[in-house]
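# Geometric and topological summary
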Amino acid sequence: MEEEDIGYTIKEAIAEARRCLKCGKPQCRTGCPIENNIPAFNLALSQGNFGEAHSIIAERSNLPAICGRVCPHEKQCEGHCILNNKGAPIRIGKIERFIADFHADMKLAHEKLPAKTRGKVAVIGSGPAGLTVAGDLARQGFNVVVYESEAEPGGILLYGIPDFRLPKDVVRREIKNIESLGVNFVTNTTVGRDTTISQLFEQGFDAVFIGTGTALARSLNLPGEDLKGVVQSNYLLHMVRLFNDGKVGRSEVPVDDGDRVIVIGAGNVAMDAARTAIRMKAASVTVCYRKTIDDMKAARAEYDGAIKDGVVFLWQHTPVCFEGENGKLTGFRVSTPEGEKVIAADKVLLAVGSRPASQIVAGTPDIAVNESGYFITKEKPYGMTSMHGVFAGGDIVHQPATVVLAMREAKKVAVGIASYVDAKKLLAE
């Protein structure tokens, strides 16, 4: 599955950057959750200073090639651009992507880093939050070790976002960049099973960050949900990733050639699942959503892409039950403004949200969570849980959101971790 959006050439990127008005009060920065200095990197790029442009982005982001591709720019930086009032905002996402890709392709020199003497921090999970904390702390002189349960780091970036939106070589390249900061990755290790938080502290870590996201998919708890053919969208995306990597056969992918597929939900995961099913040669893909298009959580660009792919959308279709014969799904009953009806289906993909896994919590009773299983954290030091020295951030605290929103919170937690470790060492002295 090749990337569908073609990046800028050098000439196109510079021309687009030169359109920036260099506003006195740049609203694009206000719209960016991590407050990237957009006018500054646009100026550097427009002058041909590619390395400087990358350095400016690196002050705020560890994942520019990823953010440039998957952020909902129309709701954030580009949506706040003053030129958006005329319907022609600066294409900030494509510029950021160009700068990151050019830096990698040309193998430009990396920044000079301080010695890793300030403290030792363990990071659990290598999704957007974990990678952000790891990169920020490594740049500040911390020795950081990232623990990942999968065979390869990347989390949702690798296993949850399809190639046509985010090529996996881009994810792997960004992780290599974080490795070059001095961050170590330990894979195939689940904290809560293979080791514990207490054991990490015994190994000399000064603080632990939990950024495991929301690994467990939610269900609808409707009659017939146990029928063969009712599948979680995240599972489809994960298995397609493994299939594309040659690690499982085609039969392991839960959408077969010629299937009639229904997707329940209207967030970005639903769009990814629907468009992936099309690419796996489903005969038809229909998205059913209980509300209207105005309530859709997915980025408009993802919806437009799904329409272009041939996905059909049915609004105000509320799930009632799954129907089947001999244990196998045959249809999906919904309630509509015109009454109930059954839509024939071979597969139904659930994309109705996710929730935290409980493995770490079960093994660490000192960490408090709310009634939904999300970590409760403090304002000072920012992000610390009820257990001293243990911090959490990203979706595991603030519930499922976008990549850049997880990064924004993670950056704040990284500041909290640094201040905590500094204070801890000062008191020890």
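Predicted model only: the values in this text are computed from it and were never measured.

## Focus on the overall build of the protein
- Along the backbone of the protein there are 17 helices and 15 strands.
- At 22 Å, the protein has a C-alpha radius of gyration in line with the 22 Å of a compact globule built from 429 residues.
- Taken over 429 residues, the protein has a buried fraction of 52%.
- In the protein, the proportion of contacts linking residues at least 24 apart, taken out of those at least 6 apart, comes to 68%.
- Carbon together with sulfur atoms contributes 49% to the accessible area of the protein, which is approximately 19200 Å² in total.
- Between the averaged position of the 51 positive side-chain charges in the protein and that of its 51 negative side-chain charges there is a distance of 4 Å.

## Let's talk about the packing of aromatic side chains
- In total, this model carries 10 aromatic pairs according to the counting rule given.
- Taken together, a centroid distance of 6.2 Å and an interplanar angle of 45 degrees make the contact between Tyr-303 and Trp-315 tilted. A residue pair is termed long-range when its members are at least 10 positions apart, and Tyr-303 in helix α14 (residues 300–309) and Trp-315 in strand β9 (residues 312–315) qualify at 12 residues.
- Relative to Trp-315, the ring of Phe-313 lies with its centre 5.5 Å away and its plane at 15 degrees, an arrangement referred to as stacked.

## Describing the pattern of salt bridges
- Considering all chains together, one arrives at 28 salt bridges under this definition.
- Between Asp-245 and Arg-241 there is a salt bridge, and its shortest N-O distance comes to 2.8 Å.
- Here Glu-323 makes a salt bridge to Arg-333, at a shortest N to O gap of 2.8 Å. Taken together, the residues Glu-323 in strand β10 (residues 318–325) and Arg-333 in strand β11 (residues 328–336) connect sequence positions 10 residues apart.

## With respect to the pairing of strand β4 (residues 207–210)
- Covered by surrounding structure in β4 are Ala-207 and Phe-209 together with Val-208 and Ile-210, the residues of both alternating faces.
- Of the strand pairs in this sheet, strand β1 (residues 119–124) and β4 are connected by four bridges, and their pairing is parallel. Note that in β4 the partner of Ile-124 across the bridge is Ile-210.
- Here β4 runs beside strand β15 (residues 390–392); their pairing, made up of three bridges, is parallel.

## Considerations on the environment of His-398
- Take His-398: it is sitting in helix α16 (residues 395–398).
- Its relative accessible area of 41% is what places His-398 among the partly exposed residues.
- The spatial distance from the C-alpha of His-398 to the C-alpha of Gly-383 is 11 Å, given a sequence separation of 15 residues.
- Not counting chain neighbours up to four residues away, the residues in contact with His-398 comprise Tyr-382 and Glu-409.

## A few points about the sheet that holds strand β7 (residues 260–264)
- If you walk across this open sheet you meet the five strands as β6-β13-β7-β8-β9, and the pairing is parallel. Each having just a single partner strand, β6 (230–232) and β9 make up the two edges of the open sheet. Neighbour to neighbour, the strand axes of the sheet diverge by 25 degrees on average, direction disregarded.
- Direction of pairing for β7 relative to strand β8 (residues 284–289): parallel, over a ladder of five bridges. Note on β8: the bridge partner recorded for Arg-260 is Ser-284.
- Lying on the sheet, helix α12 (residues 233–244) is in contact with β6 and β13 (347–350); it crosses β6 at an angle near 70 degrees.

## A closer look at the side chain of Asp-272
- Tracing the sequence through the fold places Asp-272 in helix α13 (residues 268–279).
- Not counting residues up to four positions away in its chain, the partners in contact with Asp-272 are Gly-160, Ile-161, Pro-162, Phe-164, Arg-165, Leu-237 and Glu-302.

## Some details on the packing of helix α1 (residues 10–17) against helix α7 (residues 92–105)
- Where α1 contacts α7, the two axes come as close as 10 Å, and the packing angle between them is 135 degrees. Between α1 and α7, the angle falls in the class oblique. For the crossing formed where α1 meets α7, the hand is left-handed. Of the residues in α7, those in contact with Ile-10, Ala-13, Glu-16 and Ala-17 of α1 are Ile-95, Phe-98 and Phe-102.
- Of the residues contributing to the contact of α1 with α7, the split by class is six nonpolar, no polar and one charged.

## Details of the sheet that holds strand β2 (residues 142–147)
- With parallel pairing, the five strands of this open sheet are ordered in space as β3-β2-β1-β4-β15. Each edge of the open sheet is held by one strand with a lone partner, namely β3 (184–186) and β15. Each adjacent strand pair in this sheet contributes to an overall mean axis angle of 25 degrees, direction not counted.
- Of the pairings in the sheet, the one linking β2 to β3 comprises three bridges and is parallel in character. Each residue of the ladder has a partner; that of Tyr-147, found in β3, is Val-186.

## Focus on unusual backbone geometry
- Following Lys-380, the chain continues into Pro-381 via a peptide bond in cis, with omega recorded as -15 degrees.
- Here Pro-381 lies in the loop between α15 (359–363) and β15.
- Although it is not a glycine, Lys-281 adopts a positive phi angle of roughly 70 degrees.
- For Lys-281, the location among the structural elements is in the loop between α13 and β8.
- In this structure, Asn-326 is a non-glycine residue whose phi angle is positive, near 55 degrees.
- Secondary-structure assignment places Asn-326 in the loop between β10 and β11.

## A short note on the nonpolar core
- Residues Phe-41, Leu-45, Ile-66, Leu-137, Leu-157 and Ile-417 are the most contacted members of the largest nonpolar core, which totals 71 residues.
- By residue number, the principal contributor to this core is helix α17 (residues 403–428), which donates 10 residues.
- Sequence-distant contacts of Ile-66, defined by excluding residues within four places in its chain, comprise Cys-71, Leu-157, Leu-166, Val-170, Val-171, Glu-174 and Val-403.
- Counting 26 residues, the second-largest nonpolar core is a separate cluster that includes Ala-274, Met-296, Ala-298 and Phe-313.

Cut-offs applied
- Residues numbered from 1 in each chain as written.
- Predicted model: local features only at pLDDT ≥ 70, side-chain atom pairs only at ≥ 80, totals over all residues.
- Heavy atoms only, no water.
- Helix = DSSP H or I, 4+ residues; strand = E, 2+ residues; numbered from the N terminus.
- Rg over C-alpha atoms; globule rule 2.2 N^0.38 Å.
- Buried < 20%, exposed > 50% of the residue type's maximum accessible area, 1.4 Å probe, protein only.
- Contact = heavy atoms within 4.5 Å.
- Areas by Shrake-Rupley, 256 points an atom, 1.4 Å probe, with all protein chains shown as cover.
- Lys, Arg positive; Asp, Glu negative; His and termini not counted.
- Charge placed at Lys NZ, Arg CZ, Asp CG, Glu CD.
- Phe/Tyr/Trp six-rings, centres within 6.5 Å; stacked < 30°, edge-to-face > 60°.
- Salt bridge = Lys/Arg side-chain N within 4 Å of Asp/Glu carboxyl O.
- Pairing = 2+ DSSP bridges.
- Axes fitted to C-alpha atoms, helices over the stretch in contact; angles between N-to-C directions.
- Parallel < 35°, antiparallel > 145°, perpendicular 65-115°, else oblique.
- Left-handed = near helix turned anticlockwise from the far one by under 90°.
- Nonpolar A, V, L, I, M, F, W, Y, C, P; charged D, E, K, R; others polar.
- Core = buried A, V, L, I, M, F, W, Y, C linked by side-chain atoms within 4.5 Å.

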